[in-house]
Amino acid sequence: MEQKCKYVFVTGGVTSSLGKGIISASLAKLLQARGYRVTIQKFDPYINVDPGTLNPYEHGECYVTEDGAETDLDLGHYERFLNVPTSQANNVTTGRIYQTVIENERRGDYLGKTVQVVPHITDEIKRRMKLLGDTGNFDIVITEIGGTVGDIESLPFIEAVRQLQWELGEDDAIVIHLTLIPYLSAAGELKTKPTQHSVRFLLESGVKPDILVCRTEHNLNADIRRKVALFCNVNVNAVIESIDVETIYDVPLVMLKEKLDKVVLAKLKLAAKQEPDLEQWREFLQNVKHPKNEVNIALVGKYVELPDAYKSINEAFIHAGAANECRVKVKYFHSELITPENVNDKLKNYDGILVAPGFGGRGIDGKLEAIKYARENNVPFFGICLGMQCSVIEYARNVLDLKDAHSSEMSEITKNPVIDMMVEQKKVTQKGGTMRLGAYECAIVKGSLASKIYGKTKITERHRHRYEFNNKYTAAFEKSGMMITGVNPETGLAEIVELPKHPFFIGVQFHPELKSTVENPHPIFVKFIKKALELKVL
Ligand code: GLN
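Right, let's walk through the structure included here. Numbering of residues starts from 1 in each chain and follows the order in which that chain's sequence is written. Only residues with pLDDT of 70 or above have their local features reported here, since the model is predicted, and side-chain atom pairs are shown and tallied only from 80 upward, although totals for entire chains, interfaces and linings are computed over all residues. As a rule here, side-chain values come from all non-hydrogen atoms in the structure, and water together with hydrogens is ignored.

## Quick word on the overall build of the chain
- Along its length, the chain carries 18 helices and 23 strands.
- Our radius of gyration looks at C-alpha atoms and nothing else; its globule reference is 2.2 Å times the residue count to the power 0.38. A globule of 538 residues ought to have a C-alpha radius of gyration of about 24 Å, and the chain, at 25 Å, matches this closely.
- Based on the C-alpha atoms only, the size of the chain along its principal axes is roughly 75 × 60 × 50 Å.
- Any residue under 20% of the maximum accessible area for its type is buried, any over 50% is exposed, and the rest in between are partly exposed; the area is computed with a 1.4 Å probe on protein chains only. Relative to its full complement of 538 residues, the chain shows a buried share of 57%.
- Note on definitions: a residue-residue contact is assigned when non-hydrogen atoms from the two residues lie within 4.5 Å. For the chain, the share of sequence-separated contacts (at least 6 apart) that also reach a separation of at least 24 residues comes to 73%.
- For the accessible areas, the method is Shrake-Rupley and the probe is 1.4 Å, while residue cover comes only from the protein chains on display. Here the chain has roughly 22900 Å² of accessible surface; of this, 50% comes from carbon and sulfur atoms.
- Counted as positive: Lys and Arg. Counted as negative: Asp and Glu, with His and the chain ends omitted from the count. Where a charge sits is defined by one atom per residue type, namely NZ (Lys), CZ (Arg), CG (Asp) or CD (Glu). In the chain, 67 positive and 70 negative side-chain charges are present, and the distance between their average locations comes to 2 Å. Numbering of helices and strands starts at the N terminus; helices are DSSP runs of H or I of at least 4 residues and strands are runs of E of at least 2.

Written out as structure tokens, the structure is:
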């Protein structure tokens, strides 16, 4: 008989930013490596229907799935760790829950009833919590609850977890609570009180955590573990230490050592099966920690104050570095601070330049300067989305001599909109979820740099944009040396531009960083680093 799906809920206490996403992804990795089919989903308490409309400064990068959902950046960790794509169903917000319930109400589904948080909102949360499990595709679904217990907005989620655990039974649904054991240096002690309080809050809400994962800067000795276990009402072996580590990719191994996976399986009454096969993972870590070389990459963007804004790009560089046995040192440059006068000085010690995705006109001039510098000085260049669009604008202005060339996103009056709004976007009036999103095919020209990079001519990549290369200019660009080497086979939309005379110059309309994983580092990142290494400046 097919085993029914089991559920693991991950809540967070004491403070935000404890790394629930990484703990969830690490546990999932271990269970997957033992032979279970696992997925992870995230429930976020904010009221935006999805994070697509959030400023990257506020919430970090918006991660796009194959099916075109704009999601929380934790889904990126899930994919990078598990090497399995996620979907719209893997990220649900309070906004989406309410939207559904209100639509149901307007349709008349609850006729005669007062619609309330309990049961209507909690029922909808529970329905969505079980959606992936109900497909039959998974043995275990891990659900991360965003926010911190005690927040007003997470209450309905905690209540839904309580009800689900009651409905499914303790063997089929367990709760892991991630908490912090702070170290007070003045007292020279680790303090368990905040953890006790946050567990008490959960207990008051009717949820008893089965496992505590304790973030800490110092090892927990047997006494502390016993104390936490006693006061928080869990088994001593269910107090898991999560000590600070060098890289997030260490966490699965740290959790393996702490036996988190075994404790989870025992509580779910599932067999431990084989020892986890983490050979490839360990090899990757070895390369990350003991690189033989080093390259310096300049990342030019405008959200540089918050590294989370370029999360997937950073991680893709780590994957690509490991593949080249090389450390990739990424230095962020704020594009607003790059000028014709200082560009040379700023960028001369870098082995490669990446111009990042983005929206709006702020900082565009600095991006164009950086691209001009890379083009004229044969520095490996990689432009992503807006970065690709900027490489087109730079080329139009400085090589085709179309001085006013621009994107119609930045200038509505330019006579040379070399980047223009996609036709289907012109009728769009709402901002949320309306860009060209998700996976689309791209046909690559044989013999191009892209075809060598991918080793094939048919690919699919993920997108998030409203503007595109204006095909009225294709002939002029190609005649003077900028080639369109990848197009969408259905619409002819330009996906890749290259300068064949340059050692490595590629701009892509899509977001390759979203598909880079530990097991499958993205080929453009890998080859970009390889070339940067070959042409290394110092
Ligand atoms: N702003 C550009 C567009 O909408 C690029 C988007 C991006 O870089 N993700 O087309």
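## A look at unusual backbone geometry
- Of note, the bond from Val118 into Pro119 is cis; its omega dihedral lies within 30 degrees of zero at 15 degrees.
- Here Pro119 lies in helix H5 (residues 117-134).
- Located in the positive-phi region is Ser17, a residue other than glycine, with phi close to 60 degrees.
- Looking at the element boundaries, Ser17 is found in the loop between strand S1 (6-12) and helix H1 (20-33).
- In the Ramachandran plot, Cys385 falls in the positive-phi region, its phi being about 55 degrees despite a non-glycine side chain.
- Note that Cys385 resides in the loop between strand S15 (381-384) and helix H15 (386-398).
- Taking relative accessible area as the criterion, Cys385 reaches 5% and is therefore assigned buried.

## Side note on the pairing of strand S2 (residues 38-44)
- Extensive coverage of S2 is indicated by the burial of seven of its seven residues.
- Neither face of S2 is open: one carries Val38, Ile40, Lys42 and Asp44, the other Thr39, Gln41 and Phe43, and all of them are buried.
- Strand pairing is defined by DSSP finding a minimum of two bridges between the two strands. Strand direction decides the pairing type here: S2 and strand S5 (residues 91-93), joined by three bridges, are parallel. Of the residues in S5, the one forming a bridge with Asp44 is Thr93.

## As for the state of the cysteines
- We call a pair of cysteine sulfur atoms a disulfide whenever their separation is within 2.5 Å. Scanning the entire structure with this criterion turns up zero disulfides.
- In this structure Cys442 is not part of a disulfide, and its nearest cysteine sulfur, from Cys385, lies 13 Å away.

## Observations regarding the pattern of salt bridges
- Any Lys or Arg side-chain nitrogen found within 4 Å of a carboxyl oxygen on Asp or Glu counts as a salt bridge. As enumerated under the stated definition, the model contains 39 salt bridges in all.
- Salt-bridge contacts for Asp244 lead to Arg215; the nearest nitrogen and oxygen are separated by 3.0 Å. Of the two residues, Asp244 sits in the loop between strand S11 (239-243) and helix H9 (251-257) while Arg215 sits in strand S10 (residues 211-216), which places them 29 residues apart along the sequence.
- When its relative accessible area of 39% is taken as the criterion, Asp244 is described as partly exposed.
- Notably, a salt bridge pairs Asp345 with Lys348, separated by 3.2 Å at the nearest N-O pair.
- For Lys348, a relative accessible area of 38% corresponds to the partly exposed category.

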